[in-house]
Amino acid sequence: MPETAQRLDSDGGRRHHKGPVDGTAVLSPWPPAASGSALPRFWRPPPPHTETFADQAAIAIENARLLTELQTKNATLREALEQQTATAEILRAITSSPSDVMPVLNAVAERAARMCEAQVVDIVFAEGEAMHVVATVGELGRPAGRPVPLDRSTVMGRSIVDGCTVQVADLQSADEEFPSGSRMAREHGHRTILAVPLLRQGHALGTILVRRTEVRPFAPKHVELLTTFAGQVALAIENVRL
């Protein structure tokens, strides 16, 4: 009796073939490769959901990028608005107190501490060969009640003498450059310090001093803000002296 061999149909099914078994199985590729085709011999189309997942992933990545970009822009706008508001408030204090500079100094010190994320703010006036703290915010120690020599051995003194902005990332470690300032930093507990001079017609009337208890340098935006505040304080001082 003839044996029966099983062969594969082109649609993947099985059909019986009656006849001698010759030991050969016939496998047909699917889909049939066209002449010159680069498809693999037994290629199968990818599941239809694969491309859908890829599209969704691409959309999610783009949405995350747009969200981050929007949040950055919103934060920048908030900072700009806050700075404009603070500047306007200080100008109002100047116009409302033409004969008293203290309201302006207190307003500047309070806003500088908040917007520059500083634990301590001091506004210092230069008087002859000494410096005096005239407005403060924060609880760290300071040379209150006694003048500090006006020289380059402190950050505030150098800011006034040189008429330029001075920042030190860790004043406690700057013994050689600022011997007096470094000693006061260890005594009072501050590390990062920034001083912006109160310039009026090229002459430094004093400085705005901001301090942090940790080593965290102030950003350029903080320097820019304090420069604006310093100009307003110098204007208020000049108005009182007229």
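Just above, that's the structure.
No experiment lies behind these values; they were computed from the predicted model shown.

(A) Looking closely at the environment of aspartate 170. Note that aspartate 170 resides in the loop between strand E6 (166-168) and helix H4 (179-188). Sequence-wise, aspartate 170 and arginine 191 are 21 residues apart; in three dimensions their C-alpha atoms are separated by 4.7 Å. Ignoring any residue separated from it by four or fewer positions in sequence, one finds aspartate 170 in contact with Arg191 and Val215.

(B) Region of the structure containing the pattern of salt bridges. By the definition in use, this model includes 15 salt bridges. In this structure, arginine 111 engages glutamate 89 in a salt bridge whose closest nitrogen and oxygen atoms are separated by 2.6 Å. Of this pair, arginine 111 sits in helix H2 (residues 102-115) while glutamate 89 sits in helix H1 (residues 49-96), placing them 22 residues apart in sequence. Overall, the relative accessible area of 27% leaves glutamate 89 in the partly exposed class. Across the pair arginine 216 and glutamate 117 runs a salt bridge, and its minimum N-O distance is 3.1 Å. On the criterion of sequence distance, the pair formed by arginine 216 in the loop between strand E8 (203-212) and helix H5 (220-241) and glutamate 117 in the loop between H2 and strand E3 (120-127) is long-range, its members being 99 residues apart. When salt bridges that share partners are traced, they join Glu82, Glu89, Glu110, Arg111 and Arg114 into one network.

(C) Spotlight on the packing of aromatic side chains. In the structure shown here, the tally under the stated rule is 0 aromatic pairs. The residue whose ring lies beneath arginine 212 is phenylalanine 218, and the NZ or CZ to ring-centre distance is 3.9 Å.

(D) Inspection of helix H3 (residues 155-162) at higher detail. In terms of burial, H3 is a largely internal element, 6 of the 8 residues being buried. For H3, the set of buried residues is Val155, Met156, Gly157, Arg158, Ser159 and Ile160. Near the N-terminus of H3, the side chain that reaches the backbone nitrogen of glycine 157, with its oxygen 3.0 Å away, is that of threonine 154. Positioned one or two residues after H3, glycine 163 has a phi angle of 65°, which is positive.

(E) Structural detail: the pairing of strand E4 (residues 130-137). Relative to E4, E3 is paired through 7 bridges, and the arrangement is antiparallel. Its bridge partner being in E4, glutamate 127 is matched across the sheet by alanine 130. In textbook terms, the turn of a hairpin is the stretch between consecutive antiparallel strands, and for E3 and E4 this stretch comprises 2 residues, one of which, glycine 128, has a positive phi near 65°.

(F) Structural view of the sheet that holds E8. With antiparallel pairing, the 6 strands of this open sheet are ordered in space as E5-E4-E3-E8-E7-E6. In the strand order of this sheet, the two ends are held by strand E5 (148-149) and E6, each with one partner. Strand direction decides the pairing type here: E4 and E5, joined by 2 bridges, are antiparallel. Paired with methionine 131 across the strands is valine 148, a residue of E5. In this fold H2 packs onto E3, E4 and E8, with an angle of close to 65° to the strand it touches most, E4. Of the strands in this sheet, E3, strand E7 (192-200) and E8 are in contact with H5, which crosses E7 at around 40°.

(G) Spatial organisation of the environment of arginine 92. Locating arginine 92 in the fold gives a position in helix H1. Arginine 92 gets classed as exposed once you look at its relative accessible area, which sits at 51%. A sequence separation of 12 residues divides arginine 92 from valine 104, and the C-alpha atoms of the two residues are 8.9 Å apart.

(H) Expanded view of the nonpolar core. Formed by 34 residues in total, the largest nonpolar core has its most connected members in Ile123, Leu198, Ile208, Leu226 and Phe229. At the level of secondary structure, the elements contributing two or more residues to this core comprise H1, H2, E3, E7, E8 and H5. Excluding residues that lie within four positions of it along the chain, isoleucine 123 makes contacts with Leu105, Val108, Ala109, His132, Val133, Val134, Ala135, Leu198, Thr207 and Ile208. Within the second largest apolar cluster, 18 residues are counted, among which are Val124, Ile160, Ala195 and Leu209.

(I) Layout of the pairing of E8. The element E8 is extensively covered by neighbouring structure, given that 9 of its 10 residues are classed as buried. Of the pairings in the sheet, the one linking E3 to E8 comprises 6 bridges and is antiparallel in character. Residue isoleucine 123 lies in a different strand from E8, and its bridge partner there is isoleucine 208. Where E7 and E8 come together, 8 bridges link them in antiparallel fashion. Directly across from leucine 199, in E8, lies its bridge partner alanine 204. Count of turn residues in the E7/E8 antiparallel hairpin: 2 residues, of which glutamine 201 carries a positive phi of about 55°.

Conventions used here
- Residues numbered from 1 in each chain as written.
- Predicted model: local features only at pLDDT ≥ 70, side-chain atom pairs only at ≥ 80, totals over all residues.
- Heavy atoms only, no water.
- Helix = DSSP H or I, 4+ residues; strand = E, 2+ residues; numbered from the N terminus.
- Contact = heavy atoms within 4.5 Å.
- Salt bridge = Lys/Arg side-chain N within 4 Å of Asp/Glu carboxyl O.
- Buried < 20%, exposed > 50% of the residue type's maximum accessible area, 1.4 Å probe, protein only.
- Phe/Tyr/Trp six-rings, centres within 6.5 Å; stacked < 30°, edge-to-face > 60°.
- Lys NZ or Arg CZ within 6 Å of the ring centre and 35° of its normal.
- Polar contact = N/O pair within 3.5 Å; in protein donor to acceptor, adjacent residues only side chain to side chain.
- Pairing = 2+ DSSP bridges.
- Axes fitted to C-alpha atoms, helices over the stretch in contact; angles between N-to-C directions.
- Core = buried A, V, L, I, M, F, W, Y, C linked by side-chain atoms within 4.5 Å.

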